[in-house]
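Report on the structure
The residues making up each chain are set out below.
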Amino acid sequence: MGQNIAQLEELEIFKGEQTYSAPAMNESITGQPLSVGGVRFQKGIGVHSTSRIKFKINDGKRFTAQIGINDGETDLNTQDITSIPLTDGKRLFYKVTKSSKQFVGVEGKDGKINRGTAIFSILNNGEEIYNSGLVRSGERTKLVDVPLKRGILELLVSDAGDGESGDQAVWLNPEIDYFEIPPMAVAYDYAGPAIQQDEKVSKHLRDLITKLPTIATPLKKPEFDWLIDDSKAKAQVYKTSDGKDIVLSNGLIARRFRMFPNLATVDYFNQMTGESILRSVSNEGVLTIDGKEYPIGGLKGQPEFAYTLMDWVDDLSVDPNAFLVTDFEVKELKDRLKWKQVRWASNTQMPKGKELVFTLRKEQLFVKVHYVLYDGIPTLSKWLEVINKGDLMVQLNRFKLEQLAMVEGESLVDIPSYFEKPNIHIESDYAFGAMQQKTSDKTTYWEPDPRYTSQTNYPLQLPAILEVRSPLGPDQGIAPQETFTTFRVWETPFDSFDKERKGLFMRKMYRSISPWTTENPIFLHLTSTDPEVIKTAVDQCAEVGYEMIILSFGSGLNMEDESPQNYEKFKKIVDYANSKGIELGGYSLLSSRWISEDVDVINPKTGKRGGMIFGSSPCLSSNWGYEYFRKVKKFFEQTGMMVFENDGSYPGNVCASTTHAHHNGLEDSQWNQYQQIQGLYQWMRAKGIYMNVPDFYINSGTNKTGIGYREVNWSLPRARQLILGRQNIYDGLWKTIPSMSWTFVPLTEYHGGGAEATLEPLNEHLVDYKSHMIQNYGAGVQACYRGPRLYDTEETKTVVIEVIDWYKKYRDILNSDIIHLRRPSGKDWDGFIHVNSKLKEKGLALFFNPLNTKIEREIELPLYYTGLNQTAKIRIGDGKPSEYKINRDYTVKISLEIPANSYTWLVVE
């Protein structure tokens, strides 16, 4: 390995200690830009005397930086300046708005903030290796360049003897050259008395624990496969026989908590495999408040971090900075979103389970840690509430919802380009910017654990700490008596590395925690807002059994038009559609558009709009953004529409504007914008409005996102569109359920392609039209059939009715999970089978032949997930069923004939 550079401002500098406020990254301690002697700087650490930041150097060789007192003055006469008296009679000054709090200084002479002076010093393993002497405000920077020895580096700034007022010191471009193991910020040693749990609190907790049922340890493995029968997986909260620990378990997974001398997670157990997935005792998260870091619970003093002996836990002590547990309660799970059910869904039940809530306190701040364990699935959910019961606003700069010392996914001596992660799925409802969950995930981080010195990886870089946190901020002010609530995370350990089985875990999770995704209406994408065209489409939909029309992009629908004429036009059309049993809705574009210099998100690198996701987008926390959401809601209320297709949904832009009405600056911009879009979708979910959104807002209330396809492929010849469409389906349904996804079928010309690519006139391409419908409806995947009509002749109408009737007859099984049989290759048959052990039809399989000749094959059909284990009745199409004996590997062999360029289907009962 070559030489590396560590930028110290990017490390966890908030672990440092100082008399007032906390170290700041890339700005002064007062929130002003870095500037010394009139020269601006981009990177550095802002501090205030007296300050001490401590780093574990590892194999660092040299430290370099520039130092000085930051330029800038603060006007203390503005209305937003608040002061707090200190014991010596002086005051601390803060700038407080409705949503933020910023430290601005300490009172000096004449009630003002002095021009600062300070002394910078550096210690290496306790020995002073640098001393700046007196540094005054307004002077140019001084250069620091010192060699280091392995061990501890401490950066100190002290008062120069004239008081601490105005000592806004900065370490500019602080860097450590290192060889292999990067340096890390460490907490400054606490010198105060040890924290003890209050005896009254201990007694209260023991009394509560006594009332819980006892669970035997070690925990047992389940004697059932929950993917076939989940009825025995019931969540419950238990106590261990010694009364020290609480166990949250549903027989599939369990999380174990120690309560004394403080709350801590001491085990995270995968009962399905019989293995612990936690290396060492872990806290319940971390809060950074007013720049200082506070663990939520947790215990200190573990001697080894590769594993945990329960005997060690009894000797662990309280982290002196931590929130202390004071209470807990067990509740039945309540619905997390309001879901108005107005249409068919394969799952109409919100999830059941147990909620375990711990309350912790530090002075006048309280934290409620919520855990939910669901019935029937190996999934644990978690979120936090931070409650300010003090008299002054606090600033929640950052939070870590989880900080778990997990068992590593693989153990390597060197550093690969990609480490295999632990076999667990993590996702949250703070997700944006992509169609699939994996690429929309913004909150899962796998970090090294420098405490884990016995790991085999020489640079100590195994990603063995799971941190769940927002990528920026949220930087939210919490006013007195107010509460801040974090996003939610869902954690699902797997019991296998098999791709299909892991996919089934995730699919069952979505069906359970977000059941609105199992709504799956049959819809047309209409390309016109001409009332007569819409009425014709409504009539056709009603005649063939369709259920919904979406006025597509390019149709001319404008939800932002607040004119009475616009509302009246679409209200009449909606009323007509409803009279025919058809739901009507439409398309709106949000983020991928340029509005104005005053509205669009500001690039933090340039200070201007542009260069962002989609080039530019409006800031949702500008007045324009708030007006957009108001107009959309009003449109739905005025017209009665029940379908919303929101394109260019919030992609995760940050915004450095300080003039937008509903965020303060960069640090809170992402959080505030996300709350806006999530609020709209939750409002619509409560109204029963169906939502197609080409971003992964599934857990925030939306119904569908794109399955994944390339739009220009729909301009290819029809035969190629069919095979590519089946590939999209096959690939897109490993981790998502059919009803969560849409695909695309342009009935009219789309992105070119001419006659060879186009289905219109429909009666001239009935075979291809029907094939599209069969493979889509047969997969349970709705397509955006985009065009002016569903049929053009009676013959076409008959075909559409035939397919829709077939789909509705088998709707339950066709919306059940898919087992992948063979991916489309163009060389031989391809297909899949739906399975559901709870239905009369245990399985329904489709087989496709892309060749110009008939195929006759003996196909091995996997039936394990049908729940059948002795015999199965199988019929080809609507033919007479035959009984098959199921092999020991849960398969049957069946002889099939698949016509040329066509399909065959069968039912398993």
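Residues numbered from 1 in each chain as written. Predicted model: local features only at pLDDT ≥ 70, side-chain atom pairs only at ≥ 80, totals over all residues. Heavy atoms only, no water.

1. Some remarks on the overall build of the protein chain
Heads up, the rule is: The helix and strand labels rest on DSSP assignments: H or I over at least four residues marks a helix, E over at least two residues marks a strand, and numbering proceeds from the N terminus. It is over C-alpha atoms that the radius of gyration is taken, and the globule rule equals 2.2 Å times the number of residues to the power 0.38. Per-residue accessibility, obtained with a 1.4 Å probe over protein chains only, is compared with the maximum for each type, and a residue is labelled buried under 20%, exposed over 50%, and partly exposed between these values. Whether two residues are in contact is decided by their heavy atoms: any pair within 4.5 Å suffices. All accessibility values rest on the Shrake-Rupley procedure with a 1.4 Å probe; residue burial counts only the protein chains present in the view. As used throughout, the charge tally considers Lys and Arg to be positive and Asp and Glu to be negative, leaving His and the chain termini uncounted. Taken as the charge location is NZ of Lys, CZ of Arg, CG of Asp or CD of Glu.
Broken down by element type, the protein chain carries 12 helices and 53 strands. Taking 29 Å as the expected radius of gyration for a compact globule of 909 residues, we find that the protein chain reaches 31 Å, a close match to that expectation. With the C-alpha coordinates of the protein chain rotated into their principal frame, the extents come out at 95 × 65 × 55 Å. Within the protein chain, the proportion of its 909 residues that are buried is 58%. Residue pairs at least 24 apart in sequence account for 70% of intrachain contacts in the protein chain once pairs closer than 6 positions are excluded. When the accessible surface of the protein chain is totalled, it reaches about 36700 Å², and 47% of it is carbon and sulfur. Measuring between centres, the 106 positive side-chain charges of the protein chain sit 3 Å from its 118 negative side-chain charges.

2. So, the side chain of glutamine 678
Inspection of the secondary structure assignment puts glutamine 678 in helix α8 (residues 666–687). Classification of glutamine 678 as buried rests on a relative accessible area of 9%. Ignoring anything within four residues of it in the chain, the contact list for glutamine 678 reads Asp429 and Ser700.

3. Some points on the sheet that holds strand β10 (residues 91–96)
This is how the line gets drawn: Pairing between strands requires that DSSP locate at least two bridges from one strand to the other. Interaxial angles span 0 to 180 degrees and are taken between N-to-C directions of axes, which are lines fitted to C-alpha atoms, for helices over the stretch in contact.
Strand order in the open sheet formed by three strands is β9-β10-β11, and the pairing between neighbours is antiparallel. What marks the edges here is a single partner per strand, and that holds for β9 (81–85) and β11 (101–106). For this sheet the average axis-to-axis angle between neighbouring strands, irrespective of direction, equals 30°. Here β10 pairs with β11 via five bridges, running antiparallel. Bridge pairing in β11 places leucine 92 opposite valine 106.

4. Here's the deal with the packing of aromatic side chains
Put simply, the rule is: Each aromatic pair joins two rings of Phe, Tyr and Trp (for Trp, the six-membered one) with centres within 6.5 Å, and gets the label stacked for planes under 30 degrees apart, edge-to-face for over 60, and tilted for any other angle.
On inspection of all chains with the given rule, the structure shows 48 aromatic pairs. Between tyrosine 777 and tyrosine 807, the ring centres sit 5.2 Å apart and the planes meet at 45°, which makes this aromatic pair tilted. Note that tyrosine 777 is positioned in helix α10 (residues 766–779) and tyrosine 807 in helix α11 (residues 794–809), a separation of 30 residues in sequence. Residue tyrosine 807 is classed as buried on the basis of its relative accessible area, which comes to 0%. Between tyrosine 810 and tryptophan 905 the ring centres are 5.5 Å apart and the planes differ by 65°, which places this aromatic pair in the edge-to-face class. Residue tyrosine 810 is found in the loop between α11 and α12 (811–814), and its partner tryptophan 905 is found in strand β53 (residues 902–908); the two are separated by 95 residues along the sequence.

5. Considering the sheet that holds strand β43 (residues 705–706)
Taken in spatial order, the eight strands of this open sheet run β42-β41-β40-β39-β38-β45-β44-β43, and their pairing is parallel. Strand pairing shows two members of the sheet lacking a second neighbour, β42 (690–692) and β43, which therefore form its edges. Bridge count for strand β39 (residues 548–551) against strand β40 (residues 583–589) is four bridges, and the pairing is parallel. Looking at the pairing, isoleucine 549 lines up with leucine 584 of β40. Across the sheet, α10 lies against β44 (741–746) and β45 (782–787), angled at about 150° from β45, the strand it touches most.

6. Looking at the packing of α10 against α11
Packed helices, taken two at a time, are described by the angle between their axes plus the distance between the axes. Stated precisely, the cut-off is as follows: Convention used here: angles under 35 degrees read as roughly parallel, angles over 145 as roughly antiparallel, angles from 65 to 115 as roughly perpendicular, and any remaining angle as oblique. Should the near helix be turned anticlockwise from the far one by less than a right angle, the crossing is termed left-handed; should it be turned clockwise, right-handed. In this count, Pro and Cys sit with the nonpolar residues alongside Ala, Val, Leu, Ile, Met, Phe, Trp and Tyr, while Asp, Glu, Lys and Arg are called charged and the others, Gly among them, polar.
Put simply, α10 and α11 touch, their axes get as near as 10 Å, and they point 15° apart. In terms of orientation, α10 lies roughly parallel with respect to α11. α11 is crossed by α10, and the crossing has right-handed handedness. Residues Leu766, Tyr769, Lys770, Met773, Ile774, Tyr777 and Gly778 of α10 pack against Glu795, Thr796, Val799, Val800, Glu802, Val803, Ile804, Trp806 and Tyr807 of α11. Each residue belonging to the contact of α10 with α11 can be placed in one class, and the counts come to 11 nonpolar, two polar and three charged.

7. Let's talk about the pattern of salt bridges
Heads up, the rule is: Salt bridge, as used here, is a side-chain nitrogen of Lys or Arg placed within 4 Å of a carboxyl oxygen of Asp or Glu.
Summed over all chains, the structure comprises 58 salt bridges. The residue aspartate 230 makes a salt bridge to lysine 838 at a minimum N-O spacing of 3.4 Å. Here aspartate 230 is found in the loop between α1 (199–210) and β18 (236–239), whereas its partner lysine 838 is found in the loop between β47 (830–835) and β48 (843–849), with 608 residues between them in sequence. Note on aspartate 230: relative accessible area 15%, which makes it buried. Assessed through its relative accessible area of 60%, lysine 838 is described here as exposed. One network of salt bridges, in which partners are shared, links Glu12, Lys15, Lys400, Glu447, Glu467 and Arg469.

8. Some points on the packing of helix α9 (residues 718–732) against α10
It is the contact of α9 with α10, at a shortest axis distance of 10 Å, that shows an interaxial angle of 0°. As the angle between them shows, α9 and α10 are arranged roughly parallel. Residues Arg718, Gln721, Leu722, Gly725, Arg726 and Ile729 of α9 pack against Asp768, Ser771, His772, Gln775, Asn776 and Ala779 of α10. The residue makeup of the contact of α9 with α10, split by class, is three nonpolar, six polar and three charged.

9. Some remarks on α8
Condition: Here a helix's expected span is defined as the number of its residues, less one, multiplied by 1.5 Å.
Its 22 residues give α8 an end-to-end C-alpha distance of 33 Å, which sits within 8% of 32 Å, the value for a rise of 1.5 Å per residue. Glycine 688, located one to two residues past α8, shows a positive phi value of around 85°.

10. So, the nonpolar core
Applied cut-off: Take the buried residues of types Ala, Val, Leu, Ile, Met, Phe, Trp, Tyr and Cys, join any two whose side-chain atoms come within 4.5 Å, and each joined set is a nonpolar core.
With 175 residues, the main nonpolar core has Phe358, Tyr546, Phe644 and Leu861 as its most contacted residues. In this view, tyrosine 546 contacts Ile522, Phe523, Leu524, Cys541, Ile582, Tyr777, Tyr785, Leu790, Val800 and Ile804; residues no more than four positions away in its chain are not counted. Counting residues in each nonpolar core, the second largest holds 26 residues, with Leu8, Ile13, Val47 and Ala169 among its members.

11. Overview of unusual backbone geometry
Proline 218 follows threonine 217 through a cis peptide bond whose omega is 0°. Structurally, proline 218 can be placed in the loop between α1 and β18. Here glutamate 760 and proline 761 are connected by a cis peptide whose omega angle stands at -5°. Relative to the elements of secondary structure, proline 761 occurs in the loop between β44 and α10. Of note in the backbone geometry, glutamate 363 takes a positive phi value of approximately 55° without being a glycine. Checked against the element boundaries, glutamate 363 lands in the loop between β28 (353–362) and β29 (365–374).

12. Some remarks on the pairing of β47
Within β47, six of the six residues are buried, which leaves it mostly tucked inside the rest of the structure. By the alternation rule, side chains of β47 split into Asp830, Phe832 and His834 and Gly831, Ile833 and Val835, which are all buried. Here strand β46 (residues 817–822) runs beside β47; their pairing, made up of five bridges, is antiparallel. For arginine 822, the partnering residue across the bridge sits in β47 and is glycine 831. When β47 meets β48, the two strands line up antiparallel, connected through six bridges. Counted as the bridge partner of histidine 834 is leucine 844 from β48.

13. Structural notes on the environment of leucine 524
Among the structural elements, leucine 524 can be located in strand β38 (residues 523–526). With a relative accessible area of 0%, leucine 524 lands in the buried category. A sequence separation of 23 residues divides leucine 524 from glutamate 547, and the C-alpha atoms of the two residues are 8.5 Å apart. When neighbours within four sequence positions are excluded, leucine 524 is seen to be in contact with Ala537, Cys541, Tyr546, Met548, Ile549, Ile550, Tyr785, Gly787, Arg789 and Leu790.

14. Concerning α9
Counted at 1.5 Å a residue, the expected span for α9 with its 15 residues is 21 Å, and the 21 Å between its end C-alpha atoms agrees. Every buried residue of α9 is listed here: Arg718, Gln721, Leu722, Gly725, Arg726, Gln727, Asn728, Ile729, Tyr730 and Gly732. Structurally, α9 contributes buried residues whose contacts are with α10, β46, β47 and β48.

15. A closer look at the environment of leucine 248
Note on placement: leucine 248 falls in strand β19 (residues 245–249). On a C-alpha basis, the gap between leucine 248 and alanine 235 in space is 7.3 Å, while along the polypeptide they are 13 residues apart. With residues up to four places along the chain from it excluded, the contact list for leucine 248 reads Gln236, Val237, Ile253, Ala254, Arg255, Phe257, Leu356, Tyr371, Leu373 and Leu380.

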